[in-house]
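Structural overview for review
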Amino acid sequence: MIRNMCLAAAIWLAAIPAAAAEFITVASTTSTENSGLLSEILPKFTEKTGIEVRVVAVGTGQALRIARNGDADLLLVHHRPSEDAFVAEGYGLERRDVMYNDFVLIGPGDDPAGISGAGDVSEALVRIAEAEAPFLSRGDDSGTHKKELELWAEAGVTLPDGGWYLETGSGMGATLNIGVATGAYVLTDRGTWITFGNKRDNELLFSGDPRLFNPYGVIVVNPERFPHAKVEAAQALSDWLVSAEGQAAIGAFQIEGLQAFCPNSPEKAGRREQEEERCPADR
Amino acid sequence: MDTLSAAWTLLLTADAELMGIIGLSLRVSLTATLIATLIGAPIGAALAIWRFPGRRLVLLLASTLMALPPVVAGLFVYLALSRAGPLGELGLLFTPAAMIVAQSILILPIIIALVHAAIQPMQREYDDMLTSVAAGPWLRVRTLMWDARFVLVTAVLAGFGRAIAEVGAVLIVGGNIAGVTRVMTTTIALETSKGNLELALALGLILMFIAFAVNVVMQGLTRFGRQYEVA
């Protein structure tokens, strides 16, 4: 009897949730997953094709690394130079535009560095540097981190080692939690900030500079490099994301009543111009 | 107080997604505990009973590895199971099986060290008696394990406690994929990163409640076992 009980227990323990007939692994960024975009649109794709999509949401740097190791079938990330390098080095097939949202600067509501009145993002960053107001960098090689470093370089600010500029070495959410608790400025993306539940008295202080646009690209991994990759299914998702249906699903996704991502696939050029009129970056 | 009532509401509504997450947490951590016990208990017992070359080194290693950071265990398993790694062919990365492997590695040293500590005094006490009846190695291990069984339960619970509580290893090898590899601790980390601190805390309370339930069951089994104790 005891033996049978042990056997039954072993079977229950070993039973792994039934997997769908076919699934692909997508390495993506926390901003697309945490905002709720992917859990909103991907079921539509699964319903249509029967392909289950498993999303591993990490920073762009780590997502690229996962794909380089052959552990993902599709990439959905947001750092153009890294994406182009990934394709050029033969790890991925073509990179396609999917959508964009925008980066924003958030900080304490009283805005000690006065960035809300800045003319462009460089001016906003220079004001933070001149005021030596605390600024938190993610320092984790993510798409947001890479973008932030580019913006500082364009603003001509030499970053100090410590002092008012601190690296958290953490994800977006962890960095925002530290930022709101210490009254520091943080570069984040609009979707993450809108859905962030722990804002306290911090506010979105600067946005709208075209240089803060945050384009997302989709890349299917190269089957010559990764023979085991489920390239056909990954290609199906890539095609769907840039299709009229996928682009419409992205455009229809809202956070607190506002459109969060702008579909911008040039493969649907006619749609694109209509969409851009009500995109978050233009608000 | 708000957190407490939020935790209750979450549990009482028995949200299917939450139930799936709790179920997976239990499956992964209990399986890892079972595997680590099946491997670790005999090793721990052997270390307590027999003297052999390398014994001290194994003991030192086991107690050192009790301090193994979960992230490091996760990285190790990630590199082994990645397609670029030696076991990549198996395609186990980002599955519950990978999480079970990582947690088994994480708690194996605890089981070995604690079982060794439980058996060693018994061995000293019983050695003459067992030698005088010319007990073979199997009888010796069985006798000592049986008489130390209540302490062994504590070793197993300590292993389970580390498994169910850790987040670093399962996050790396599981990937926190919704509906596939998302467990309690990775959900708590995710909700914290979304700034939903109350929800994260409520989930933490539920995790504690589950650990409490597991301990109650184990204690019940121990009581049940005591009825068969030979006076």
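Residues numbered from 1 in each chain as written. Chains lettered and ligands numbered in written order. Predicted model: local features only at pLDDT ≥ 70, side-chain atom pairs only at ≥ 80, totals over all residues. Heavy atoms only, no water.

Of regular secondary structure, chain A possesses twelve helices and twelve strands. Split into buried and exposed, the 283 residues of chain A put 54% on the buried side. For chain A, restricting intrachain contacts to residue pairs at least 6 apart in sequence, the fraction spanning at least 24 positions comes to 73%. (Helix = DSSP H or I, 4+ residues; strand = E, 2+ residues; numbered from the N terminus. Buried < 20%, exposed > 50% of the residue type's maximum accessible area, 1.4 Å probe, protein only. Contact = heavy atoms within 4.5 Å.)

Turning our attention to a nonpolar patch on the surface. Residues and elements named next belong to chain B. Taken together, the side chains of Leu34, Ile35, Leu38, Ile39, Ile43 and Val58 present a nonpolar region at the surface, about 470 Å² in accessible area. At five residues, the largest contribution of residues to the nonpolar patch is made by helix H2 (residues 16–49). Looking at the secondary structure, you find leucine 38 in helix H2. (Patch = residues over 30% accessible without salt bridge, like charges linked within 9 Å, V, L, I, M, F, W, Y side chains within 5 Å. Areas by Shrake-Rupley, 256 points an atom, 1.4 Å probe, with all protein chains shown as cover. Salt bridge = Lys/Arg side-chain N within 4 Å of Asp/Glu carboxyl O.)

Take the domain arrangement of chain A next. Residues and elements named next belong to chain A. Parsing chain A into structural domains produces domain 1 (20–101 + 215–282) and domain 2 (102–212). Between the C-alpha centres of domain 1 and domain 2 there is a distance of 26 Å. Interface area, domain 1 with domain 2, both sides summed: about 1,300 Å², of which 56% is carbon and sulfur. Taken together, the links from domain 1 to domain 2 amount to zero salt bridges. Seen at the junction of domain 1 and domain 2, the total is three residue pairs in polar contact (both at pLDDT 80 or more). Looking at the side of domain 1 that touches domain 2, the elements that each hand over two or more residues are helix H2 (30–34), helix H4 (60–68) and helix H5 (80–88). (Domains from an automatic or database assignment. Buried area = accessible area lost by both parts, 1.4 Å probe. Polar contact = N/O pair within 3.5 Å; in protein donor to acceptor, adjacent residues only side chain to side chain.)

A separate point is the nonpolar core. Grouped together as the largest cluster of nonpolar side chains are 88 residues, with contacts concentrated most on Ile41, Leu75 and Leu237 of chain A together with Ile119 of chain B. With 13 residues, helix H5 (residues 96–132) of chain B is the largest single contributor of residues to this core. Every residue in contact with isoleucine 41 of chain A, bar those within four places of it in the chain, is listed here: Trp240, Leu241, Ala249 and Ile250 of chain A. (Core = buried A, V, L, I, M, F, W, Y, C linked by side-chain atoms within 4.5 Å.)

Right, let's get into the interface of chain B and chain A. Of the residues lining the interface, 25 residues belong to chain B; the matching set on chain A comes to 26 residues. Carbon and sulfur atoms make up 60% of the surface buried where chain B meets chain A, a total of about 2,100 Å² over both sides. Between glutamate 33 of chain A and arginine 182 of chain B there is a salt bridge whose closest N-O contact spans 3.3 Å. Only H2, H5 and helix H9 (184–193) of chain B provide two or more residues apiece to the side of chain B that touches chain A. With five residues, the single largest contributor to the side of chain B that touches chain A is H2 of chain B. A per-class count over the side of chain B that touches chain A returns 13 nonpolar, eight polar and four charged. (Nonpolar A, V, L, I, M, F, W, Y, C, P; charged D, E, K, R; others polar.)

Where side chains of opposite charge bring their charged atoms close, a pairing between them can arise. Residue and element names in this part refer to chain A. On inspection of all chains with the given rule, the structure shows 18 salt bridges over all chains. In this structure, the salt-bridge partner of arginine 95 is aspartate 97, at a minimum N-O distance of 2.8 Å. By relative accessible area, arginine 95 is classed as buried at 13%. It is possible to trace a salt-bridge network through shared partners that takes in Asp120, Glu154, Asp209 and Arg211.

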